[in-house]
Every structure is written in structure tokens, then in C-alpha cells.
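Take a look at the letters that make up each chain.
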Amino acid sequence: MEPKKTLYLIDGSSYIYRAFYAVTRLTSSKGQPTGAVHGFGQMMVKVVREKKPDYVCVVFDAPGRNFRHDLYVAYKATRQKMPEDLVSQVPYIKDMVEYSGIPQMEKDGYEADDLIATLTHWASGQGIAVVIVSSDKDLHQLVRDPAVRQWDAQNDRVFTEREVKERFGVTPAHMVDYLALVGDTSDNVPGVRGVGDKTARQLFERWESIEEIYDHLDEITLASVRKKLEEHRDDAFLSRRLVSFKEDVRINGKLEDFVPSPPARFKLQQLAEELELKSLLENILKGLGAKGESRPERPGRARGDEIVTDPDRLESLATLFADQPVLSLKVQTASDDAMRSDLLGIAFSFEDHPACYVPVGHNGKDHGNGLPAARVLAALGKVLGASGPAKIGHDLKSAWIVLKRYGIELAGIAFDTMIASYLLDPGKQDHGLGRIAAECLGENVDVYQATGGRGKAGAGLDALPVERAADYACAEAEAVWRLYPVLMEKLREAKMEELQEKIEVPLITVLAKMEYRGILVDAVKLEDLSLEFEKALDARASVIYDLAKEEFNIQSPKQLASILFDKLGLRVVKKTKSGPSTDVNVLEELALEHPIADHVLAYRTLAKLKGTYADALGKLIHPATGRIHTSYNQTVAATGRLSSSDPNLQNIPIRTEEGRKIRASFIPAPGCLLLSADYSQIELRILAHYSHDEHLVEAFMDDEDIHRRTAAEMFNVSPVAVTPEMRRQAKTINFGIIYGMGPFGLARRLRISTKMARVAIDRYFAGYQGVRLFIDSAIDSARRLGYSETLLGRRRFMPELRSRNKTIQQLGERLAINTPLQGSAADLIKKAMIDLEALLKGKGLKTVMLLQVHDELVFETPDDELDTAREVVRDAMEKVWKLSVPLKVELGWGRNWAEAHA
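Re the packing of helix 18 (residues 417-424) against helix 19 (residues 433-441)
In step 1: One way to put it is that helix 18 packs onto helix 19 with a least axis distance of 10 Å and a crossing angle of 65°. Crossing of helix 18 over helix 19 shows left-handed handedness. The segment helix 18 lies against helix 19, with Thr417, Met418 and Ser421 engaging Leu433, Arg435 and Ile436.
In step 2: For the contact of helix 18 with helix 19, a count of residues per class yields 3 nonpolar, 2 polar and 1 charged.

Below is the structure:
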């Protein structure tokens, strides 16, 4: 006999609470709690992975009242309100279930138990076996049918009629009577007060139902029990109605509706990115048997594209390319490191013409041989290096660098799908072509992911047959071609077409040139610095050991926690899953109580500088150029800021002695100087422009010391009477306002009480009322529109403002304040970079731009061009945009970066 198919019914509402209380309190960097989402996903996957159900459904309680409230107004009245940290996770949990391809159900006016009962009755009537996945004892009443079981997945315990009888002394058919007698305090089901499990068992040993019990009250020998039953007769029968399930809810279901469907990979990926649950996507896809990461080699061609290996055909295609208005291209390389990777080939796509691939660097057994690189680049150089046709692609900055290394400067860059995706939603973490194509075209584009990243060894495309490399490259080029009009329309609708055309796309070439140029570093100085830092670390460690009265691993959170909290008895500020936290915020707070915390902070900072810069910079020197070539990331920071990696130049301290020593290792070419141009307080000047605050505007128009002016306003003294401590507090508040800092944050930063910080902020706003109005207006506007906007029209969406979680709402408010300021500053320095690249070239100067760090640009200028370069740079940067207050640039120069920034 063929075994029955099985329907698994997952008690989603019960699982939500179990996941919330079972998993460590996880939160994203934005403050969104995520532990319940993570735990629910694990439990859901466990069911599908282990049981492989034919049919499945996750069942949730519907929000609001149900029919039981009409029976008993106090039903669930004593139940605690769902924790706020859980409320905000419920929509994500339901989205996760949907994207995982698992059917789900909820229905207004009914609880999950009623739907489970209805589905159980409906499915068993069709010959389907049912497994109820829940630990809820109320659901035991449904296992009265031999085809129905209940599985407590957490304890891996299965309940059938026998197990229920053993546990409660009643059969599932009479479980409802048992529950009616004992009641349920969590749901405020009254039952018979004073009758508990032991008494109920004794009663049901003689009688099967509450009707029989009440028919034989006079046979109950214990007077106290008889009295309780008599006094609470109505409660008993009311309770039975409350704990009885509806088994006839209209569901309009079909069996095929409960068959799991393939997971929506990209929606799951977006969810995992938003919640910063890195393992969630992999666990779900793996658990549901749909990982799909591996790409088995397929014999023959997977696509119908052309591989060009005939010289005459190459020449004719080059002529054809030149006649196109728009040309999509994909430069195929062996790895992601544009400054070191070999060129393998170039794919092209346009109109409805089949995509084509021109192999260059595929050599070796079974890999096929492409045309010589010189022949290919000679034929394609005029097309690639000309302003027309317009070039579109994905990550064209890397393409520019690779081609430049082969003697071609890619010209005519008009559109980049990675940049467009970033502009449309800068909060997304993934701007990969695969995700964009899935979201905008509903297609799965096979994008190759090398196992090695930038600067790392790994299997690359050069290890594949040329046919497979062609498949990948042509698929990407063709996807870009079809995405181009879709994304352009989205940019027009968002009114960011001009930002894309005037700022982000021209910046691609500017950044590519900066990366390609690189900057010299003094390797010998770095080696000396590493030894110096090592000695300083030893000295600092000695002080820490003296304070601790023993030696230990300072970099070990566990050992440090033992010293701080067990041995020294300092208070535990924050706890984590593994024990008391020793993060930077905790140490900053403890520094007020014990000097060891300050020394540990200093030790950590020095150790990081040594490892990240003094030890690592020398290893990043390019063997061919002798320079370091940092990579500028144009699609990472949601504010519009650029970031850098390999190395990250943004994190070198500016004002510490150690930071200056690291900067001193960055040097110009012989006969040149490094010229530093740093915007002075640009975000505060933009704040003055937005707020129109008369005091702020006046201070900048008169070129006053803004921090001294603020201190004078706050403390009601004349500027000459401002003390250094007053100015320090004012400076902290000035910059803190930009980031939406509240009393708690200011208190921690200034190491004062929250009450004093609140007074300081109140004084600030009393003096700068226009700033207060701007802040309120910025938050209101972002809440109304759903996004904040910069001076140049860049948008950052603010879903945090719609969150039901107050912590996340407050984060959204801080972002709404900060985005117009920091985002506008980012836009202006990008525009200045574009302007300067053109100006320096137009004037025939040899001065070139090398670095961009925060609000600073660093140039390499010949000694005899310094005066001219200073004038050009200052003029361009200060006139980049007309604000209601002047922009100011501070210039410095020297034989290393530290001297230039002095």
C-alpha cells in the first residue's frame, strides 16, 4: 500500500515567541532586533530539512479580536503585551516564510489554533496524514484521529493518543474537558478555581467529560472539590467553549496550495542584507535544498553568443561597434584586482545583435587560444578610446583600470548599472548585477564569482574553458544592455538622472585615474615604524599589567573581562551572549572609574594601527609601479561618501602622533610635493546654509572661530572669556548636532552626566534656534516623503522612520538630520574632484590628484608648479557650489602627507 502523503502544520505564532526567547538578543547596526527572525528561520528549516513534507503551512494568529472575546470579554486580558522588540520582527518573519516558498495562513477573527484544527480536519478527510508542529498542549485535542500526530520539534517528542493519555490522564478526545477544568492563566481562561492537574486527573479516572462529572457531583467524596465544582460550574462550561477549536473556518484551500515552492533567492538575499543576518540566506537555501552556489561545468555552449577568433571578423565587428550609439561591454579578467589581474577577453552587446566575446588571455590545454592582445587592442582601441559610441557596463571603473594597463583609456563612459542601482537605493548592501537583473528583469543572470577576492589567490575565470568564460561575459554584457533603459527610467522618475550624468558617471573616470596613479610609500620608514609601535605596545602593556597585578592577553575579550569585572570589581556595563562586554563604548565609560580602561583603549588603537598600516602597507606595494593603489568604493556608503579599501585610508587618525607618523610614510615622487586641500567645517557651513540661522551664518560670514562663537552663545560669555574646556564642549556639540546626537551620546563623549548634557544641548538650541527648526523640518520632511535629499538631489530612503521600534525610529531621525549635511558635503567634494581633474589637464599642469579622504584631497605637484596648483585647487574647491556662507579650504604641502596636513 502506498504510504500516505503528509501535511505539516507549523504553529507560527507559538514559534515566534519561542524563537524570541530562545535566541540571544541580536540586532542590526541600525538597531533593528533580529534574533526572533533568525531563530524562526532555523526552526522552520529544521522541519523542512528533517521531515521533507509533501505539504506544509505555517499558521499565524490574526491580529485583533476574535470570537472568543465575544464569549468572554476578559479572554487573554492578563496576557502581557507583545514585547516591542518582537513586534517589529513579525513582518520580517512573515516575509521570510513567504520568500522561502513555504505556504502560510492567517485569517481575521481566528487564532492559529482554529486554522490548524480546520486544516487538520480538512486534510485528514482527504486521506492526508497530518503532523502539527507545536509544543502547545491545547493542540493535543486534535490527535484524537490516528492520522494526526503532534511533534514538539524542540524536544523532538511526538504525541499520539497514547502519549497524551500518559501525560494528562485523558485521551485527546477529552483533552478539551481537562483544559476546561484546569483553565489557563496565560490566556485568562478561568477553569474551575482550585482544581489543578492532580485533581483533574483523579476526576477523569472515573468520568470522561465535564458533563459526566457534573452529573455525578454527589458522588465526589471530597467536599472541598465538590464545592469548587458547584461554585464554578458556569466557568467550567464557558472555559470549554473558549478552549474548543473551530474546525469549520472557511479556507478555500486546495492541496496544491500547500506544496512548498522554490525559494525567492534574491528577495531572501535582500532580507538577509537588510537585517544583517549573514548566515540566514545560506541556512535557508541549504536547508530547503536550493543552495545553488555551485556551477557544474556544462559540456558545449550554454548560450548562442559568438566567440571571435578570426582577425577579419574582429575588424568587421570593430567597424560595426563604432557605428552604434550605445555599446555594452564587459571586460573579463582572471580576478577582481584590476591593478594586477590579466585581461582574458572583452564581451560586447548592442541592439538585438547576438553578444560576442573576444578572447585575449585564454591559454593552456583545452582552454582555446584567443587572438594576441596587441592585435585585439589595436582593432578595438579606436572604439574603446573614443567618446562614441557611449559605453555602458557594470563596474566600469575596474574596466578602465584594466584597459589602461594594456594601453587603452576607456572613453565615453555613459552609464553603469552598479552606480544606477546605488543611486536608486543607497541603503542596499548588494549592487551586484545578479541581484539587479533579478529585481528589474525577473531573470537569473549567471554571474561568475571567483573564490579569491582583491589581492587574494583563488580560482578565477582563467581556469575555465574559453566557452564558459564567454558565457559569463556575454550574459553580463547583454544583461547590462537590457537593464540600461529600465534603470534610466527609474532614475528619471526619482529625479536623479542629472546626478548620475553630472556627478557619479564622470567620477568613475576620475577615481579610476586616481587608483591607477597610486601613491608612493616609504617602505623603510614603515619597517622602522612597526618596530617603534611594537616597543610602545610593550610599554603600554607593562602599565596595564601593573594595574591588573598580573599578565594576561590584552586582546582577549574573555581574559580582559575577567580582569576588569572579576578581579578589579568594575561594574558590568553591557552583557553579550559570551559574557560581559569589553567593547570601546564600555571601556570609554569605565575609563571614568579606573585608569586601566584608558590604557586598554590606547593599546587597542596602537595595535590596530600597527597591524593595519605599519605592518600591512608595505605588503600592498605594487611590484611593477612601486606604489600603493587603494580602491575607491563608489557604491558603499549610504550618505554618498566615498570609502576606500586595500588599504582603507579613511581610518588613519589625523590628530594623534601615531596617525601622523603613518601619514609621514606617504611621499611624493622625486622633485614633487604632496599638496593637501581640506574643506574647513564643510558640514557646519552646509548646516548654516540649510538652517539660515542668523548666528551661524554671521559667524561664517565673519570668518569667526565657530566653536568659540558657539561656546560664547552657550555659556553667555564674551568670546574672549571662552575657556579651552568651553570651546571643546561647544565643538563636540557642533559636530554632534550634525549626527543627531542626544543627551546620552553627548554625556558619554564629554564624560559628563546626562543631565548636564541635556542642559548643554538646551543652551545650544537657545542660541541657534534656526538649527532647531531645521532639525524638526528635516525629520518631518523625511517622514512625509520617505527619504532625505541632498543639495544635488541625492536621495536616501528612511524606512527606519516607519518602524514600530522606538530605537530604530530614533536612528531614522538621526539619519534624516545627517543625510542632507553629510550627503551634500559628499556631493560637493565629488563635484570638486571632477572639476579639478578637468582644470588641471586643461591648464597643461603636471599636478595630479592622488587621494580623497573625508573632506580632504591630496595632490602630487612638481615643485615648480606649487603656487599655480594651490591657486587652481583653492579656487575650484571654494567655488564648487554657491552657498549662503562661503566655503573655505585649508591648504598644506610638504615632502610627506603628514607635513602637507600640518
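So, next bit.
Overview of the sheet that holds strand 11 (residues 390-393)
In step 1: An order of 7-10-9-8-11-12 is seen for the 6 strands of this open sheet, with the pairing classed as mixed. The outermost strands of the open sheet, each flanked by one partner alone, are strand 7 (306-307) and strand 12 (413-416).
In step 2: As judged from the 5 bridges shared by strand 9 (residues 343-350) and strand 10 (residues 353-359), these two strands associate in the antiparallel manner. Residue pairing for strand 10: Ile346 is matched across the bridge by Val358.
In step 3: Of the strands in this sheet, strand 8 (326-333), strand 9, strand 11 and strand 12 touch helix 17 (residues 396-405), which is tilted by about 70° from strand 8.

Focus on the packing of helix 1 (residues 12-22) against helix 2 (residues 35-51)
In step 1: Following both chains from N to C, one finds helix 1 and helix 2 inclined at 125°, their axes separated by 8 Å at the closest point. One finds that helix 1 runs oblique with respect to helix 2. The crossing of helix 1 and helix 2 is right-handed. Across from Gly12, Tyr15, Ile16, Arg18, Ala19 and Phe20 in helix 1, the residues of helix 2 making contact are Gly35, Ala36, Gly39, Phe40, Met43, Met44 and Val47.
In step 2: Taken together, the residues of the contact of helix 1 with helix 2 sort by class into 9 nonpolar, 3 polar and 1 charged.

Section: the pattern of salt bridges
In step 1: Scanning all chains against the criterion turns up 50 salt bridges.
In step 2: Among the ionic pairs, Arg728 bridges to Glu725, the shortest N-O distance being 2.9 Å. In this pair, Arg728 and Glu725 both sit in helix 30 (residues 724-738), 3 residues apart, roughly one turn of the helix.
In step 3: Looking at Arg728, the relative accessible area reads 37%, which means it is partly exposed.
In step 4: Across the pair Arg870 and Asp867 runs a salt bridge whose closest N-O atoms are separated by 3.5 Å.

Here's the deal with the confidence of the model for the chain
In step 1: Averaged over all residues, the pLDDT of the chain is 86; the fraction at 70 or higher stands at 94%.
In step 2: Under a pLDDT of 50 for its full length, residues 364-368 has, in the predicted model, 11 contacts with residues more than four places off or in other chains.
In step 3: Long-range and interchain partners of residues 451-459, a stretch whose pLDDT sits below 50, account for 16 contacts in this model, where long-range means more than four residues apart.

Some details on the packing of aromatic side chains
In step 1: Scanning all chains against the criterion turns up 15 aromatic pairs.
In step 2: A ring pair is formed by Tyr545 and Phe552, whose centres lie 6.0 Å apart and whose planes are at 70°; its orientation type is edge-to-face.
In step 3: Tyr545 sits in the partly exposed class, given a relative accessible area of 21%.
In step 4: With a relative accessible area of 9%, Phe552 lands in the buried category.
In step 5: Ring centres 5.3 Å apart and planes at 80° place the aromatic pair Phe666 and Trp897 in the edge-to-face group. Separated by 231 residues along the polypeptide, Phe666 in strand 19 (residues 666-667) and Trp897 in helix 36 (residues 897-900) bring together distant segments of the chain. The two residues Phe666 and Trp897 agree in class, both being buried.
In step 6: Grouped by ring-pair contacts, the aromatic residues Tyr15, Phe40 and Phe60 constitute a single cluster.
In step 7: In this structure, Lys94 packs its charged tip against the face of Phe60, placed 5.3 Å from the ring centre.

Basis of the calculations
- Residues numbered from 1 in each chain as written.
- Predicted model: local features only at pLDDT ≥ 70, side-chain atom pairs only at ≥ 80, totals over all residues.
- Heavy atoms only, no water.
- Axes fitted to C-alpha atoms, helices over the stretch in contact; angles between N-to-C directions.
- Helix = DSSP H or I, 4+ residues; strand = E, 2+ residues; numbered from the N terminus.
- Left-handed = near helix turned anticlockwise from the far one by under 90°.
- Contact = heavy atoms within 4.5 Å.
- Nonpolar A, V, L, I, M, F, W, Y, C, P; charged D, E, K, R; others polar.
- Pairing = 2+ DSSP bridges.
- Parallel < 35°, antiparallel > 145°, perpendicular 65-115°, else oblique.
- Salt bridge = Lys/Arg side-chain N within 4 Å of Asp/Glu carboxyl O.
- Buried < 20%, exposed > 50% of the residue type's maximum accessible area, 1.4 Å probe, protein only.
- pLDDT = per-residue confidence, 0-100.
- Phe/Tyr/Trp six-rings, centres within 6.5 Å; stacked < 30°, edge-to-face > 60°.
- Lys NZ or Arg CZ within 6 Å of the ring centre and 35° of its normal.

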